[in-house]
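In case you want the letters, here they are:
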Amino acid sequence: MARIIAIANQKGGVGKTTTAVNLAASLASMKRRVLLVDMDPQGNATMGVGVNKNTLERTGCDLLLNDAPFSQCVVRVPEPAPGFDVLPSNGDMTAAEVGLMQGGARERTLANKLAAQSAAYEIILLDCPPSLNMLTVNALVAADGVLIPIQCEYYALEGLSALLDTVDQIRASRNSGLRIEGILRTMHDPRNNLSNQVSTQLVTHFKGQVFRSIVPRNVRLAEAPSHGMSALQYDGNSRGAVAYLALAGELLRRRESAPNAA
């Protein structure tokens, strides 16, 4: 059965999509069967893996609202070998959000759709929009765990308490198995005292929930999306690519050591 991980933080600009794309690529490079689900109407994860969101015939919206076959909506990303699958998104996903608000069992729509695909993948990553809307709620209800990227800068903890409250509410009412997969420090600059202070503060407050892997500020990591590539393909030796490979390894070790952790 696939482990489903929602990558979420209601605060924008913290590296959610960068994490989703590069973690998917890193896990695929480790021979894991990976599905990346773009839940954001902006479609940045879709474009970030080289899929043109403007020419898509079907997207995740068709799967969620129109009962389109999964095989007709998913796209294969050929790099890095052996590649991974992406359920793409574009502006149509806004219609999905509205439709989900009007439908019955609306919070479980994505969970029901992914259940049929669980045996085909080992890890499913959900790139959530930067808000706690119905698309994000669907992702949290479908997920086994939540990975929270946090920028190592001022206001880093802004919105985190609201997200943790939402996780608690969903755990209590919709998804009792939901857990915090981990908190990921992103955009870290070790030369910056503030970055170091925020990093230390996160470890002090959340202890074992913080990943040891830290994603640095890195030009190659920032450039890669404009080429429709993960950092691993764009420059596999860059500090950003190496950091996400380390995160993928840490994530797999955690999974193997505590597969049934609550």
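Every value quoted in this text rests on a predicted model; they were computed, and no experiment measured them.

Moving on to the overall build of the protein. For the protein, the helix and strand inventory stands at twelve helices and eight strands. Taking 262 residues into account, the globule formula puts the C-alpha radius of gyration at 18 Å, and the protein, at 17 Å, falls close to it. Its C-alpha atoms put the protein at 50 × 40 × 35 Å along the principal axes. Per-residue burial for the protein yields a buried fraction of 54% across its 262 residues. Restricting to contacts in the protein with at least 6 residues of sequence separation, those with at least 24 account for 78%. Split by element, the accessible area of the protein, about 11300 Å² in all, is 50% carbon and sulfur. Looking at the protein, you have 25 positive and 23 negative side-chain charges, and the mean spots of the two groups are 6 Å apart.

Turning next to the environment of Gln72. Note on placement: Gln72 falls in helix H4 (residues 70–73). Residue classification places Gln72 among the partly exposed positions, given a relative accessible area of 44%. Taking the C-alpha atoms as reference points, Gln72 and Leu87, 15 residues apart in sequence, are found 9.8 Å from one another. Among the polar contacts listed, one links the side chain of Gln72 to the side chain of Arg58, at a separation of 3.0 Å.

Attention now moves to the pairing of strand E2 (residues 34–38). On any regular strand, side chains alternate: one points to one face of the sheet, the next to the other face. The buried fraction of E2 is high, at five of five residues. A two-sided burial pattern is seen for E2, the buried positions comprising Val34, Leu36 and Asp38 on one face and Leu35 and Val37 on the other. Here five bridges tie E2 to strand E5 (residues 123–127), and the two strands are oriented parallel to one another. Bridging from a neighbouring strand, Val37 pairs with Leu126 of E5. By the bridge criterion, three bridges tie E2 to strand E4 (residues 84–87) in an arrangement that is parallel. Looking at E4, one finds that Leu35 is bridged to Asp85.

A large share of E5 lies buried, amounting to five of its five residues. Along E5, one buried face is formed by Ile123, Leu125 and Asp127 and the opposite face, lined by Ile124 and Leu126, is buried too. Inspection of the sheet shows strand E1 (residues 3–7) paired to E5 by five bridges, in the parallel sense. Residue pairing in the sheet places Ile4 in a bridge with Ile124 of E5.

In this section: the nonpolar core. Val37, Leu110, Leu114, Ile124, Leu126 and Ile148 are the most contacted members of the largest nonpolar core, which totals 47 residues. Not counting the four nearest positions on each side in its chain, Val37 is found in contact with Leu87, Leu114, Ile124, Leu125, Leu126 and Asp127. Of all hydrophobic cores here, the second largest spans 33 residues; its members include Ala25, Leu232, Leu247 and Ala248.

Criteria and thresholds
Residues numbered from 1 in each chain as written. Predicted model: local features only at pLDDT ≥ 70, side-chain atom pairs only at ≥ 80, totals over all residues. Heavy atoms only, no water. Helix = DSSP H or I, 4+ residues; strand = E, 2+ residues; numbered from the N terminus. Rg over C-alpha atoms; globule rule 2.2 N^0.38 Å. Buried < 20%, exposed > 50% of the residue type's maximum accessible area, 1.4 Å probe, protein only. Contact = heavy atoms within 4.5 Å. Areas by Shrake-Rupley, 256 points an atom, 1.4 Å probe, with all protein chains shown as cover. Lys, Arg positive; Asp, Glu negative; His and termini not counted. Charge placed at Lys NZ, Arg CZ, Asp CG, Glu CD. Polar contact = N/O pair within 3.5 Å; in protein donor to acceptor, adjacent residues only side chain to side chain. Pairing = 2+ DSSP bridges. Core = buried A, V, L, I, M, F, W, Y, C linked by side-chain atoms within 4.5 Å.

That's the geometry; what it means functionally is another story.
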